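# Structure at a glance
Here is what each chain is made of, one letter per residue.
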Amino acid sequence: MPGYSEKAFSELERWERKTLRSPSAASKIAKNWQRKINEKIPERIHRTVSESVKQMVRAALAGSDYLSDQKRLEEGSLEEREKVLADRISMYKRTAAVEGAGTGAGGLVLGAVDFPLLLTIKMKFLFDACKIYGFDPADYRERLFLLNVFQLCFSKEKKKREAFSKITNWEEKKADLPDEAEFLNSVDWKTFQLEYRDFIDLPKTLQLIPGFGAIVGAAANYHYLDVLAEYAKNSYRHRLLKQLND
């Protein structure tokens with residue numbers, strides 16, 4: 001496995017170890033702070049986040065709300081695909097940072113608006129990544145793969161491990177997937193949104209502070225797109241490199 005694929009494989013192994021390692025002491029302390037801060041956030045903000053995540057999942061499964069100008073790359077090496085992906089990552093990180101700065105400057109009201117806007121940016125990026133790696137998001141199973149990448153990135157330890165298992169065994173798992181209607185009826189919306197909300201609570205709560213929130217909003221959104229890009233890239237790398245080795 002010479003050249004770029006060998007480098008990607010080494011990076012993939014490091015990413016897998018990092019993804020599955022136990023949370024650090026600092027992470028546990030941060031979670032305690034998140035719970036305390038969470039109690040002070042108005043209930044209407046929690047409702048906004050919950051509804052946004054639910055609508056994001058439905059829109060992702062429908063597939064129609066995340067259309068972009070990115071063409072599906074049906075041919076190309078891993079290196080060629082990831083050069084295209086790198087340009088998309090840069091574009092989406094800039095977009096997320098600008099959006100976070102704008103809504104963060106507005107305090108509580110506009111800060112709440114940031115949640116659905118950032119979700120839309122994240123999902124558009126995932127749909128683009130799907131096409132860049134040669135898969136077709138018109139296929140319901142590929143959209144479900146994207147949701148598992150999202151959960152892998154923005155969940156706590158138990159759910160992260162479950163999503164990791166699905167992603168790294170996707171070709172076997174997808175044969176047993178339910179149809180779209182059955183899946184929508186089976187989703188535990190509350191748990192799904194709580195995992196996402198708890199993951200991003202601390203920096204996104206600081207974004208609600210007028211003035212200061214603009215700085216935090218830009219940095220947090222840029223960071224979260226960077227993290228999502230790493231998870232998406234390595235999830236698709238795993239699929240492609242596994243196919244080469246099979």
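The number of helices and strands found in the protein chain is eleven helices and zero strands. Listed N to C, the secondary structure of the protein chain is α-α-α-α-α-α-α-α-α-α-α in terms of helices and strands. Buried positions account for 47% of the 246 residues belonging to the protein chain. In the protein chain, 80% of the contacts between residues at least 6 apart in sequence involve partners at least 24 apart.

To continue, consider the packing of helix α6 (residues 140–153) against helix α7 (residues 157–168). Remark: α6 packs on α7, axes separated minimally by 8 Å, with the N-to-C direction vectors making an angle of 145 degrees. For the pair α6 and α7, the crossing hand works out as left-handed. Taken together, the residues of α7 that come into contact with α6 (itself represented by Phe145, Asn148, Val149, Gln151, Leu152 and Cys153) are Lys160, Ala163, Phe164, Lys166 and Ile167. When its residues are assigned to classes, the contact of α6 with α7 shows seven nonpolar, two polar and two charged.

Membership of the largest hydrophobic core comes to 51 residues, with the highest contact counts inside it found for Met56, Met123, Phe125, Leu126, Leu147, Phe150 and Tyr236. Those elements that provide at least two residues to this core are α1 (4–20), α3 (43–62), α4 (78–104), α5 (107–132), α6, α7 and α11 (212–245). The dominant element in this core, judged by the number of residues it contributes, is α11, at eleven residues. Not counting the four nearest positions on each side in its chain, Phe125 is found in contact with Leu85, Ile89, Tyr92, Leu225, Leu228, Ala229 and Ala232.

Its location among the elements puts Lys242 in helix α11. With relative accessibility at 27%, the residue Lys242 sits in the partly exposed group. Linking Lys242 and Thr168, residues 74 residues apart in sequence, is a C-alpha distance of 8.9 Å. Discounting chain neighbours no more than four positions away, the residues touching Lys242 are Thr168, Asn169, Glu172 and Arg237.

In contact at an axis separation of 10 Å, α1 and α7 are set at 145 degrees when each is read in the N-to-C sense. Across from Trp15, Glu16, Thr19 and Leu20 in α1, the residues of α7 making contact are Lys160, Arg161 and Phe164. Each residue belonging to the contact of α1 with α7 can be placed in one class, and the counts come to three nonpolar, one polar and three charged.

Our focus in this paragraph is the pattern of salt bridges. Across all of its chains, the model carries 13 salt bridges by this definition. In this structure, Asp69 and Arg88 form a salt bridge, with 2.9 Å as the shortest nitrogen-oxygen distance. Of this pair, Asp69 sits in the loop between α3 and α4 while Arg88 is found in helix α4, placing the two residues 19 residues apart along the sequence. You can call Asp69 exposed: its relative accessible area is 58%. Assessed through its relative accessible area of 14%, Arg88 is described here as buried. Here Glu142 and Arg239 are joined by a salt bridge, their closest N and O atoms 2.8 Å apart.

A few words on the packing of aromatic side chains. Ring pairs (aromatic) are described by centroid distance and by the angle formed between their planes. What the rule picks out here adds up to nine aromatic pairs. Here Tyr92 and Phe125 contribute two aromatic rings whose centre-to-centre distance is 5.8 Å and whose plane-to-plane angle is 70 degrees, an arrangement assigned as edge-to-face. In this pair, Tyr92 sits in helix α4 while Phe125 sits in helix α5, placing the two residues 33 residues apart along the sequence. Three or more aromatic residues link up through ring pairs in this structure, and these residues are Tyr133, Phe135, Phe145, Trp170 and Tyr236. Looking at Lys122, its charged tip hangs above the ring of Phe154, at a distance of 4.1 Å from the centre.

In this model α1 runs 24 Å from its N-terminal to its C-terminal C-alpha over 17 residues, within 8% of the 24 Å that 1.5 Å per residue would give. Along α1, the positions that sit buried rather than exposed are Ser5, Ala8, Leu12, Trp15 and Thr19. Viewed along the axis of α1, the buried residues span an arc of 80 degrees, placing them on a single side of the element.

Cut-offs applied
- Residues numbered from 1 in each chain as written.
- Predicted model: local features only at pLDDT ≥ 70, side-chain atom pairs only at ≥ 80, totals over all residues.
- Heavy atoms only, no water.
- Helix = DSSP H or I, 4+ residues; strand = E, 2+ residues; numbered from the N terminus.
- Buried < 20%, exposed > 50% of the residue type's maximum accessible area, 1.4 Å probe, protein only.
- Contact = heavy atoms within 4.5 Å.
- Axes fitted to C-alpha atoms, helices over the stretch in contact; angles between N-to-C directions.
- Left-handed = near helix turned anticlockwise from the far one by under 90°.
- Nonpolar A, V, L, I, M, F, W, Y, C, P; charged D, E, K, R; others polar.
- Core = buried A, V, L, I, M, F, W, Y, C linked by side-chain atoms within 4.5 Å.
- Salt bridge = Lys/Arg side-chain N within 4 Å of Asp/Glu carboxyl O.
- Phe/Tyr/Trp six-rings, centres within 6.5 Å; stacked < 30°, edge-to-face > 60°.
- Lys NZ or Arg CZ within 6 Å of the ring centre and 35° of its normal.
- Expected span 1.5 Å × (residues − 1).
- Arc of directions from axis to C-beta.

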